[in-house]
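These are the residues of each chain, in order.
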Amino acid sequence: MDESGGSGQPRPGNGGTTDPEAAPTARPAADAARPEQQQAQPVDGGPATATHDEGTRPGGDEHAAEPDSPGPAHSGGRTTPEPHDATTPSPTPESGPARSDDPAAAPPPFGHDPHAPRSHAHSGADGQGRPPQRPKDPGGGILMGRPFGVPVYVAPSWFLVAALITWVFGGQLDRVLPQLGAARYLVSLFFAVAFYASVLVHELAHTVAALRFKLPVRRIQLQFFGGVSEIQKEAESPGREFVLAFVGPLLSLVLAGIFYLAMQPVRPGTVPGVLLAGLMISNLIVAAFNLLPGLPLDGGRMLRAVVWKITGRPMSGTVAAAWVGRALAIAVLIGLPLLTQSGALGSTAEDNVGMDTVTDALLAAILAAIIWTGAGNSLRMARLREHLPELRARTLTRRAVPIETNTSLSEALRRANAAGARALVVVDGHGQPLSLVRESAIVGVPEHRRPWVNASELAQDLTDGMRVSAELAGEDLLDALRAAPATEYLVVEENGDIYGVLSAADVERAFVKAMARPS
């Protein structure tokens, strides 16, 4: 989550003296990479992964709400913004970085942070910051297509499981259809591809339901133990959460029924008959496994929705479903090898010796690890969502000093330090903001050169996405930052006045601090 960008501790929005030459400042600020909030819908035991972004930055093709971008309004043709009302309360220690009276605990002067990156000593045209470019695709393997506008990727691990299915199913075909010879492996490979096509249908069911509920879907990924639909926002109600989880197993059951009906006119003991029977059974297994009531499985999300509905608290539902998921993981680890050895799964105890026993134990361990890890990830994501409201743009904003384009870097830093500010906003002759001076670029300029370098040469031009409202908080704030990844953002009031500058590093620190507190 450590995105590049300014360093140094932010200061409270009020307090600190103002320099007579500098306009009073806007408040302390910060930006953060948001961990992606995804509802990963696993199939066949696939984990609920979070890519994290998220993120984040975050990065990737996010569907995020754009923040309001009012233009700054200044009266009297001033070259600097109007000062904030001194009666405006400062952020509290709980909601923003606190000021310390201990000189040893105070942050270093602005522009002298020893932890900031020291690359790029900018001057002239080379110092102009370029807006960060967003990745075109989230990645995750080979892009197979974009049904409903959502990219579908096949992870490299899929080829491993496809080879495994081909080998195992080929051995079964050798007993059922010995006349096929080596051709049985081609039939087995076709089965592996058809099975994962069924998994894709399962995931598309989740995706279509999510899009129907206006929830953005980052991607679908087919991987070793099935598929994952990365849904980036939580459902707004327990009813929608239940539907979103249930449609996947429902489609798997429908596919099993379709394959059963297709078997009826086909003669048993033939290649089509064996393939259809295998696909029917595999889809039944996918549906049954995903209906188990523990996170990260679909049944766990259904249980979460039920508990959420009863208690009125989504966190209670997550905790209950996650602990049931961990219990399931232990049951799979112990129970699957025992069931196999007892012959309850269709084989005799005499057949389950040697490598078969080792394979069963290894498969059980992998499945148990996936379920246990997915349950833990679900708990962490729920805790993240619970703390998101603590991130507020107004309390995280850094105080900023407005400067004109011809102001030297040394003079700009003198004004900022005299005013207790930790950000610089370049404005035109009418006080309209043009760009933000990047802290990482400031630190890269040696002190003896700062009187000869204009601060505006180290600035990044403002784009609409880099203007965020001071009223944004929680998920809305992170959505706005993810929509336009940058290291600093201009924070504005509803009337367009400059409030301050938000730094990505500050938001990240505030997020980590909030996550460290117990729920």
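Chemist: Residue-level account of the packing of aromatic side chains, with values.
Modeler: Applying the stated criterion across every chain, the model contains six aromatic pairs. Aromatic pair phenylalanine 242 and phenylalanine 246: ring centres 6.2 Å apart, planes at 25°, arrangement stacked. Placement of both phenylalanine 242 and phenylalanine 246 in helix H3 (residues 238-263) is noted, with a separation of four residues, approximately one turn of the helix. Here phenylalanine 242 falls in the partly exposed class, since its relative accessible area comes to 32%. Among the aromatic residues, ring-to-ring pairing joins Trp158, Phe159, Phe169, Phe191, Phe195 and Tyr196 into one connected group. One Lys or Arg, arginine 394, reaches over the ring of tyrosine 499 and ends 4.8 Å from the middle of that ring.

Chemist: Mind laying out unusual backbone geometry, listing which residues take part and the relevant values?
Modeler: That bond from leucine 295 to proline 296 is cis: its omega, 10°, falls within 30 degrees of zero. Relative to the helices and strands, proline 296 resides in the loop between helix H4 (271-290) and helix H5 (298-311). If you check the backbone angles, phenylalanine 148 has positive phi at about 60° while not being a glycine. Mapping phenylalanine 148 onto the fold places it in the loop between strand S2 (142-145) and strand S3 (152-154). With a phi close to 65°, lysine 214 is a non-glycine residue in the positive phi region. Among the structural elements, lysine 214 can be located in the loop between helix H2 (184-212) and strand S4 (217-223).

Chemist: Requested: an account of the nonpolar core, with residues and values cited.
Modeler: One finds Leu391, Val425, Val468 and Leu502 to be the most contacted residues of the largest nonpolar core, which totals 33 residues. Residue assignment for this core shows that the elements contributing at least two residues are helix H7 (355-387), helix H8 (393-396), strand S7 (424-427), helix H11 (474-483), strand S11 (488-492), strand S12 (498-503) and helix H12 (504-516). Membership of the second largest hydrophobic core comes to 25 residues, among which are Val161, Ala162, Val187 and Tyr196.

Chemist: Lay out the sheet that holds strand S8 (residues 433-437) with the relevant residues and their values.
Modeler: The pairing of strands in a sheet happens through backbone hydrogen bonds and is either parallel or antiparallel. Ordered in space as S6-S7-S8-S9, the four strands form an open sheet in which the pairing is mixed. Where the open sheet ends on each side, the last strands, each with one partner, are strand S6 (401-404) and strand S9 (459-461). Here the strands of the sheet are splayed against their neighbours by 40° on average, with no regard to which way each runs. Across three bridges, S8 lies against S9 in antiparallel orientation. Paired with serine 435 across the two strands is aspartate 461, which belongs to S9. Contacts between helix H9 (residues 409-418) and the sheet are confined to S6 and S7, with S6 contributing the most and set at about 160° to the helix.

Chemist: How would you sum up the pairing of S11? Please name residues and give values.
Modeler: Of all five residues making up S11, five are buried, and the element is well covered by its neighbours. Of the two faces of S11, the one lined by Glu488, Leu490 and Val492 and the one lined by Tyr489 and Val491 are each fully buried. Inspection of the sheet shows strand S10 (residues 467-469) paired to S11 by three bridges, in the parallel sense. Counterpart to arginine 467 in the pairing with S11 is leucine 490. Handedness of the S10-H11-S11 crossover: right-handed. Looking at chain direction, S11 and S12 are connected through five bridges and run antiparallel. Across the sheet, the residue bridging to valine 491 is glycine 500, located in S12. Between S11 and the antiparallel strand that follows it, S12, lie five residues; glycine 496 among them carries a positive phi value of about 95°.

Analysis parameters
Residues numbered from 1 in each chain as written. Predicted model: local features only at pLDDT ≥ 70, side-chain atom pairs only at ≥ 80, totals over all residues. Heavy atoms only, no water. Phe/Tyr/Trp six-rings, centres within 6.5 Å; stacked < 30°, edge-to-face > 60°. Helix = DSSP H or I, 4+ residues; strand = E, 2+ residues; numbered from the N terminus. Buried < 20%, exposed > 50% of the residue type's maximum accessible area, 1.4 Å probe, protein only. Lys NZ or Arg CZ within 6 Å of the ring centre and 35° of its normal. Core = buried A, V, L, I, M, F, W, Y, C linked by side-chain atoms within 4.5 Å. Pairing = 2+ DSSP bridges. Axes fitted to C-alpha atoms, helices over the stretch in contact; angles between N-to-C directions. Contact = heavy atoms within 4.5 Å. Right-handed = clockwise from strand over helix to strand, strands pointing away.

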